[in-house]
Amino acid sequence: MNDFNYAERVKKINPAISQDLIAKVRALRADGVEVIDFSDQGASPDVARQAAIQKINMSSGSSYSDTRGLSELRYEIARKMLIEQKIEVNPETEVLVTVGAKEAILSALLTLADHGDEVLVEDPGYLGFEPIIRLAGAKPIRVPLIKESGFRFPVEGLRHYITARTKVLLLCNPHNPGGYCLTKNELTEIGKIAKENGLTILVDEAYEHFVFDGRKHISLASLPGMESITITIQTMSKIFNMGGWRIGWAIGPTHLIKKMHLLHTHAITAPTTFSQSGAAAALSAGIAEGNQPIANIVERYEAQRDAMIEGLASIPGLSCHVPHGTFFVFPNISRFKAPPNGISDFLLKIGHVATVPGSAFGPNGSEHIRMVFKCDKATIQKGIARMADAFGKLEYQ
Ligand SMILES: Cc1ncc(COP(=O)(O)O)c(C=O)c1O
């Protein structure tokens, strides 16, 4: 229906490139082709599943929860922040449980940015960010990350992107897709610039646990004076492998959480009650993907990252920086002469290996492809061998 008079906000949004890729992978699999996407089929932790079943069997399990989120979950979130980040969070007023991190980002942007306001966003960056900014009516302003330094945020150049209309800086730390973890000094400097310019910082910490080589994740809100300008966003989707449960949360100053809560209540009421019970149980037990404690999972992912990096380094023409965190690698494919539909399409067709074109994350990612390393080492090696064969068919300089 080309002549239908859709609202402007949906006209500005395009389907994610990753959806197209998922459809292609599904079609190949339906034809019996074994596609390697380096992902895993990991289940959510048993402790979460048992708690959710128990809750749904109680009458309170099928009622709406408190619109801020179940109190036991909000208290678990506050406890977690105290243990992990030494931040004292008031679970009554400073936490809002949301339908995944995505709802937290949307509610925050709807609260902070008016039509035409500018939101600074990393390029490359998580592909969900720009559409959410546009949905909120704001304008995404891309801040190119420094490729040569493993996609580091250009702290020293940040002022250059700030105008009278800039309201929010949206950061992803650890960074999807580049894997960079911001240091304390960088966070302090970013916070200082944001404060000077009256900006609020939204920090998406979806990958907070996935940090390697002895690093420690630092929440911006844990640094002196930063709590008042920071909204921290976290989720059960990643280390807990509970993406389909749709539970995330925002932590921030009382006045902002109050406003976010207001519009969240009108839009969605509250996230699914029994999902919240499952999330509270998993947080309380500290048991995540594969029924493992978080530290064990991180150790396994670090080894998988190393296997992936080693494999990629063995492919002539390809180069890849070592990500500090997340479960992504972002190899540079610019030396290859790309076939007409691009390298990712070629790798899928020829090698039956699924990757995402870096351009999906912003123009500054276009010389890269994004891959995950969630699977075991044997699958990584098998996928790398297929990639090496496929790349071997392309010319490179
Ligand atoms: C940076 C980032 N934020 C948010 C999300 C989505 O999180 P949720 O499932 O909690 O909405 C993702 C998922 O890929 C992500 O990479």
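Residues numbered from 1 in each chain as written. Predicted model: local features only at pLDDT ≥ 70, side-chain atom pairs only at ≥ 80, totals over all residues. Heavy atoms only, no water.

Draft legend 1. Structural context of the site of the ligand. Contacts to the ligand come from 13 residues, most closely from Ala 101, Asp 204, Tyr 207, Thr 235 and Ser 237. In this structure, an oxygen atom belonging to the ligand sits 2.6 Å away from a side-chain N or O atom of Tyr 207. At 2.6 Å, a side-chain N or O of Thr 235 approaches an oxygen atom of the ligand. Its free accessible area being 400 Å², the ligand has 89% of it covered by the protein chains. Per-element tally for the shell around the ligand: the top contributor is helix H5 (residues 100-112), with three residues. A class-by-class count of the residues in the shell around the ligand yields five nonpolar, four polar and four charged. (Near = heavy atom within 4 Å. Polar contact = N/O pair within 3.5 Å; in protein donor to acceptor, adjacent residues only side chain to side chain. Areas by Shrake-Rupley, 256 points an atom, 1.4 Å probe, with all protein chains shown as cover. Helix = DSSP H or I, 4+ residues; strand = E, 2+ residues; numbered from the N terminus. Nonpolar A, V, L, I, M, F, W, Y, C, P; charged D, E, K, R; others polar.)

Draft legend 2. The packing of aromatic side chains, seen in detail. This model, assessed by the stated rule, comprises 14 aromatic pairs. With centroids separated by 5.1 Å and ring planes inclined at 90°, the aromatic side chains of Tyr 126 and Phe 129 adopt a geometry described as edge-to-face. For the ring pair Tyr 301 and Phe 327, a centre distance of 6.0 Å and an interplane angle of 40° mean the geometry is tilted. Of the two residues, Tyr 301 sits in helix H10 (residues 294-313) while Phe 327 sits in the loop between H10 and strand S10 (328-329), which places them 26 residues apart along the sequence. Phe 327 carries the same exposure label as Tyr 301, and that label is buried. Through a chain of ring-to-ring contacts, the aromatic side chains of Tyr 207, Phe 210, Phe 212, Tyr 301, Phe 327, Phe 328 and Phe 373 assemble into a single cluster. (Phe/Tyr/Trp six-rings, centres within 6.5 Å; stacked < 30°, edge-to-face > 60°. Buried < 20%, exposed > 50% of the residue type's maximum accessible area, 1.4 Å probe, protein only.)

Draft legend 3. The arrangement of the sheet that holds strand S3 (residues 139-144) in detail. Pairing in this open sheet of seven strands is mixed, and the strands run S1-S7-S6-S5-S4-S2-S3 from one edge to the other. Of all strands in the sheet, those bounded by a partner on one side alone are strand S1 (95-98) and S3. Strand-to-strand twist across the sheet, computed as the mean angle between neighbouring axes with direction ignored, equals 25°. Here strand S2 (residues 118-123) pairs with S3 via six bridges, running parallel. Along S3, the bridge assignment pairs Glu 118 with Lys 139. Its contacts with the sheet put helix H4 (residues 71-85) on S1, strand S6 (230-235) and strand S7 (248-251), and the angle it makes with S1 is roughly 120°. Of the strands in this sheet, S1, strand S5 (200-204), S6 and S7 are in contact with helix H8 (residues 254-268), which crosses S1 at around 30°. (Pairing = 2+ DSSP bridges. Axes fitted to C-alpha atoms, helices over the stretch in contact; angles between N-to-C directions. Contact = heavy atoms within 4.5 Å.)

Draft legend 4. Inspection of the layout of surface pockets at higher detail. Volume-wise, the second largest pocket comes out at about 260 Å³. Looking at the second largest pocket, it is lined by 13 residues, and the ones nearest its centre are Glu 208, His 209, Val 211, Lys 216 and His 217. Of the residues that constitute the lining of the second largest pocket, the class distribution is three nonpolar, four polar and six charged. Each of domain 1 (8-44 + 292-391) and domain 2 (63-285) contributes no fewer than three residues to the lining of the second largest pocket. (1 Å grid on protein atoms, 1.4 Å probe; cavity = no way out; pocket = protein on both sides within 12 Å on 5 of 7 lines; lining within 4 Å. Points joined across faces, edges and corners; volume = space filled by probe spheres on them. Domains from an automatic or database assignment.)

Draft legend 5. H8, seen in detail. With 15 residues, H8 should reach 21 Å at 1.5 Å per residue; the first-to-last C-alpha distance of 20 Å fits that figure. What H8 keeps buried is the set Leu 256, Ile 257, Met 260 and His 264. Buried residues of H8, seen end-on, are gathered within an arc of 90° and therefore sit on one face of the element. Facing away from the buried side of H8, by more than 90 degrees, are the exposed residues His 255, Lys 258, Lys 259 and His 266. Each element contacted by the buried residues of H8 is listed here: S1, H5, S5, S6 and S7. Thr 269 sits one or two positions beyond H8 and adopts a positive phi of about 70°. (Expected span 1.5 Å × (residues − 1). Arc of directions from axis to C-beta.)

Draft legend 6. Molecular detail of the sheet that holds strand S11 (residues 356-357). Strand order across the open sheet formed by three strands is S10-S12-S11, with antiparallel pairing between neighbours. Lying at the two open borders of the sheet, with one neighbouring strand each, are S10 and S11. For S10 and strand S12 (residues 369-372), the ladder comprises two bridges, and the chain directions are antiparallel. Bridging across to S12, Val 329 finds its partner in Met 371.

Draft legend 7. Main features of helix H11 (residues 343-351). Among the nine residues in H11, seven count as buried, and that is most of the element. When we look at burial in H11, the residues that qualify are Ile 343, Ser 344, Asp 345, Phe 346, Leu 347, Leu 348 and Gly 351. Against helix H2 (17-30), S11, S12 and helix H12 (377-391) lie the buried residues of H11. Phi turns positive, to about 55°, at His 352, one or two residues after H11.

Draft legend 8. A look at the domain arrangement of the protein chain. Here the domain parsing of the protein chain yields domain 1 (8-44 + 292-391) and domain 2 (63-285). Between the C-alpha centres of domain 1 and domain 2 there is a distance of 25 Å. Each partner contributes to the interface: domain 1 provides 34 residues, whereas domain 2 provides 34 residues. Summing the contributions of domain 1 and of domain 2, the shared interface buries around 3100 Å²; its carbon and sulfur component is 62%. Contact with domain 2 buries surface across domain 1, with His 324, Thr 326 and Asn 364 losing the most and accounting together for 24% of the total. Inspection of the region where domain 1 meets domain 2 yields two salt bridges. In this structure, Arg 305 engages Asp 213 in a salt bridge whose closest nitrogen and oxygen atoms are separated by 2.7 Å. Taken together, the connections running from domain 1 to domain 2 amount to 15 residue pairs in polar contact (both at pLDDT 80 or more). Sort the elements by how many residues they give to the side of domain 1 that touches domain 2 and H10 lands first, with six residues. Grouping the amino acids of the side of domain 1 that touches domain 2 by side-chain chemistry returns 15 nonpolar, eleven polar and eight charged. (Buried area = accessible area lost by both parts, 1.4 Å probe. Salt bridge = Lys/Arg side-chain N within 4 Å of Asp/Glu carboxyl O.)

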